[in-house]
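Coordinate analysis (summary)
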Amino acid sequence: MTAWRGPLATICSVVLLLAACTGGPILANPPASLNPEPAAPPGPAAVSDPVPIRLPRDDAAHQRLTEWWYYTGHLRDVASGARFGFEYVIFRAERGAFPVTWASHLAITDESGDAFHYAQRSVVGEAVDLNATAATPAPGFSFSIGADPTDPTTLGRPAWTMEGVNGTDHLAARLSAAEAIAAHSPGGFGLDLALQAAKPAVLEGGAGWIDFGPAGGSYYYSRTDLLATGSIVLDGRTLQVDGSAWFDHQWGDFIAVGGGGWDWFAVNLADGTDLTLSLVRASDGSYPLVYGTLVDRDGRASHLDRTAFSVVVTKHWTSPTTGASYPAGWTITIPGQALTINLQPTVANQELDTRATTGVVYWEGSQVVSAVRNGQVLGGEGYVELTGYGPSR
């Protein structure tokens, strides 16, 4: 486990150890010397968990230790048919009397061009939550991550925005010139997408509450099938795109769970089935938390416990940048559904070094999907996130 490094560390000392849409997030413990003074409030007020998730109320930010809003998706250039994956996430951390701290990651996978682009930001202060500062807050969320008032070098950079309510969402983010240089993408990249949910929200874990035992717990729901339209910018070119997206929202008063990282899978099959699986590792390599959710074409969700499926790694890939070795191919079997799914990355290198904002290196990327269900061959789309394999300092 690791603490949040970079400009936030001196102010909050505890930002996320990365966390995408899994039921098993891991958050770092702050060094004791940087904890609030005894007179400062220890954190959000105690809440008797769990309580039912209510939407759209719970689309908005919560006064909890840890929270994130996480999108992944698949886009097609309407002119050329070229395909792209994307990731866009905002993390929020609340620690006693310290200012609320935020981090954001943006990535685009150029599947046709065999290239991967990513960037990251961090900001201190509640003003990033436009809804919280509104005279009359509306349902849903509205975030704007632009300049960090604690870091003069970020002044003037274009805001990254994320807003949504009840499955009608809008995402917009584009790099400044300085960020483009830092990301080794001189032409820059970004996205501007309108999203609309095609299925109801799904409560993960069966009821929307993931119990971490002594580590606490997390509320967690997903929108597994959103229609996407809009544009992306890549290498200075603006492309009109359409496609699909997946949204996860997770929050709670948890600090750490697991310790070895996790593997997270999101798959959309051509027959309308959506599947998410979370495999969370302890530091000894065991899997204390394993579960999934299967959503049928009509939006009905079924909880999957660890006995309902298996995941077998079929290949590995070693990063030339960090030396980390990651799984790079999987076979998922769900006997009760007569379903077998094979995954392999669309681009081998979809590794993100986010030690500047969330303290970790992780791999997250789009997949080539082939499946067989009751003898029928199916295509599909998928995303996989892998944490705990790379360096954290």
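None of the values given here were measured: they were computed from a predicted structure.

Things to note about the environment of G336
Residue position: G336 is located in the loop between β18 (325-334) and β19 (339-345). Considering only alpha carbons, one finds G336 and A308, 28 residues apart in sequence, at a separation of 7.0 Å.

Observations regarding the nonpolar core
Counting 41 residues, the largest nonpolar core has W102 and M162 as its most contacted members. Membership of the second largest hydrophobic core comes to 27 residues, among which are V267, I334, L339 and I341.

Observations regarding the environment of D58
If you trace the backbone, D58 turns up in the segment before β1 (66-77). With 161 residues separating them along the chain, D58 and Y219 place their C-alpha atoms 9.7 Å apart. Within the structure, D58 has its side chain in polar contact with the side chain of R57 (distance 3.0 Å).

Brief notes about the pairing of strand β13 (residues 261-269)
Across the nine residues that make up β13, a large majority, nine, are buried. Every second residue of β13 is oriented toward a common face, with G261, D263, F265, V267 and L269 on one face and W262, W264, A266 and N268 on the other, all of them buried. Sheet topology places β13 next to strand β14 (residues 274-281); eight bridges connect them, and they run antiparallel. Bridging across to β14, V267 finds its partner in L275.

A look at the side chain of S244
With respect to the helices and strands, S244 occurs in strand β12 (residues 237-252). Aside from chain neighbours lying at most four places away, what touches S244 is G73, H74, F86, L226, A228 and E381.

Section: unusual backbone geometry
Following D49, the chain continues to P50 via a peptide bond in cis, the omega torsion being -5°. Inspection of the secondary structure assignment puts P50 in the segment before β1. A cis amide bond, omega 15°, links L55 with the succeeding residue P56. Turning to its location among the elements, P56 is positioned in the segment before β1. A positive phi angle, near 55°, is found at N166, a position not held by glycine. A positive phi angle, near 55°, is found at H184, a position not held by glycine. Tracing the chain through its elements places H184 in the loop between α1 (177-182) and β8 (189-197). Overall, the relative accessible area of 71% leaves H184 in the exposed class.

Conventions and cut-offs
Residues numbered from 1 in each chain as written. Predicted model: local features only at pLDDT ≥ 70, side-chain atom pairs only at ≥ 80, totals over all residues. Heavy atoms only, no water. Helix = DSSP H or I, 4+ residues; strand = E, 2+ residues; numbered from the N terminus. Core = buried A, V, L, I, M, F, W, Y, C linked by side-chain atoms within 4.5 Å. Buried < 20%, exposed > 50% of the residue type's maximum accessible area, 1.4 Å probe, protein only. Polar contact = N/O pair within 3.5 Å; in protein donor to acceptor, adjacent residues only side chain to side chain. Pairing = 2+ DSSP bridges. Contact = heavy atoms within 4.5 Å.

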